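# Observations on the three-dimensional arrangement
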Amino acid sequence: MSTRPEKPLSRLAWLGIAGLAVVLYALAPSTGRGETAVPEPDGYRMDGYRAPTPATLRGARVVDTAGAERLWRDKAALFVDVMPRDVKPANLPPGTIWRDKRRDDLPGSVWLPNVGYGAITAETDGYFRRSLETLTGGRRDAALVFYCQTDCWMSWNAARRAQGEYGYTNIIWYPLGSDGWARAGLPLEEAKPFP
């Protein structure tokens, strides 16, 4: 028996699969940058924080690096870095030396570590609220730019929390974060957590 009839069928199957892939790609929402759009969740992102983020944050303004740089140069907003801080593991052997991982952020920023998780402790919530209150002088209309790194949900969560739960009205989200800033050749400086 000849295997010749199977080849055209096999090619036809591959063409069908390829066609289906093209259709599905065409129907997928896009950011306009060649990426599939990520929809905004109704709540906070609770895990998988290092993943593609939405292009938007309802009620907030989203800026690219050029927009963030303008705000920074004009001193028109307070920049808030929400990158998590590594915590010393409790089970380290005695005598083990622990050094915090260095964090570089946009000059003049305030680093509020660990406030961007989807669920935060009462202690972290209090720290976040008090810090914003102190930094803004109690002004709920103060311009606040939240960031961490590219493809990091921490800044999205923190910006949403500041807006939705804490009542800040001038929220700006910079989703490209410190690594997007660095890619543009802009300066960074070593950060220390806000007390």
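I will try to describe carefully the structure that is included in this document. Owing to the predicted nature of the structure, the values given are computational and were not obtained by experimental measurement. (Residues numbered from 1 in each chain as written. Predicted model: local features only at pLDDT ≥ 70, side-chain atom pairs only at ≥ 80, totals over all residues. Heavy atoms only, no water.)

### A few points about the nonpolar core
The tendency in soluble globular proteins is for nonpolar side chains to be buried side by side. Within the largest apolar cluster, 30 residues are counted, with the highest numbers of intra-cluster contacts made by Phe 128, Leu 132 and Phe 146. Listed by contribution, the elements that provide at least two residues to this core are strand E2 (78-81), strand E4 (110-111), helix H3 (122-136), strand E5 (144-147), helix H4 (153-164) and strand E6 (171-173). Looking at which element gives the most residues to this core, the answer is H4, with 6 residues. Look past the residues within four positions of Leu 132 in its chain and what remains in contact with it is Leu 112, Leu 144, Phe 146, Ala 162, Tyr 166 and Tyr 168. Formed by 14 residues, the second largest nonpolar core is a distinct cluster that contains Ala 68, Ala 77, Ala 143 and Tyr 174. (Core = buried A, V, L, I, M, F, W, Y, C linked by side-chain atoms within 4.5 Å. Buried < 20%, exposed > 50% of the residue type's maximum accessible area, 1.4 Å probe, protein only. Helix = DSSP H or I, 4+ residues; strand = E, 2+ residues; numbered from the N terminus. Contact = heavy atoms within 4.5 Å.)

### Quick look at the sheet that holds E4
Strand order in the open sheet formed by 5 strands is E1-E6-E5-E2-E4, and the pairing between neighbours is parallel. Looking at strand neighbours, the two that pair on one side only are strand E1 (61-62) and E4, the edges of this open sheet. Sheet analysis places E1 next to E6, joined by 2 bridges and oriented parallel. Bridge pairing links Val 62 to Trp 173 in E6. (Pairing = 2+ DSSP bridges.)

### Let's talk about the pairing of E2
Of the two faces of E2, the one holding Leu 78 and Val 80 and the one holding Phe 79 and Asp 81 are both buried throughout. Relative to E5, E2 runs parallel, the two being bridged by 4 bridges. Across the sheet, residue Phe 79 finds its bridge partner in E5, namely Val 145. Both E2 and E4 contribute to a ladder of 2 bridges, which runs parallel. Within E4, the position partnered with Asp 81 by the bridge is Trp 111.

### Examining the pattern of salt bridges
Side-chain pairs of opposite charge can arise whenever the charged atoms involved come near each other. Under the criterion given, the structure shown has 10 salt bridges. The partner of Asp 81 in a salt bridge is Arg 103, with the nearest N and O atoms 2.8 Å apart. With Asp 81 in strand E2 and Arg 103 in the loop between E2 and strand E3 (104-105), this residue pair connects regions lying 22 residues apart in the sequence. When its relative accessible area of 8% is taken as the criterion, Arg 103 is described as buried. Taking the shortest distance from any N to any O, the salt bridge between Arg 140 and Glu 133 comes out at 2.9 Å. On the basis of relative accessibility, which here comes to 35%, the residue Arg 140 falls in the partly exposed class. One continuous salt-bridge network, built from bridges that share partners, spans Arg 102, Asp 104, Glu 190 and Lys 192. (Salt bridge = Lys/Arg side-chain N within 4 Å of Asp/Glu carboxyl O.)

### Regarding H4
The end-to-end C-alpha separation of H4 is 16 Å, in line with the 16 Å expected for 12 residues at 1.5 Å each. Turning to H4, its buried residues are Trp 153, Met 154, Ser 155, Trp 156, Asn 157, Ala 158, Ala 159, Arg 161 and Ala 162. Next to the buried residues of H4 lie H3, E5 and E6. (Expected span 1.5 Å × (residues − 1).)

### Some words on the packing of aromatic side chains
Here the structure, examined in full by the defined rule, presents 8 aromatic pairs. With a centroid separation of 6.3 Å and an interplanar angle of 90°, the aromatic rings of Phe 128 and Phe 146 are classed as edge-to-face. Taken as a pair, Phe 128 in helix H3 and Phe 146 in strand E5 lie far apart in primary sequence, 18 residues in all. A single burial state applies to Phe 128 and to Phe 146, both of which are buried. Between Tyr 147 and Tyr 174, the aromatic rings sit 6.5 Å apart at their centres with planes inclined by 55°, giving tilted as the arrangement. Of this pair, Tyr 147 sits in strand E5 while Tyr 174 sits in the loop between E6 and helix H5 (177-183), and the two are 27 residues apart along the sequence. Owing to a relative accessible area of 0%, Tyr 147 belongs among the buried residues under this scheme. (Phe/Tyr/Trp six-rings, centres within 6.5 Å; stacked < 30°, edge-to-face > 60°.)

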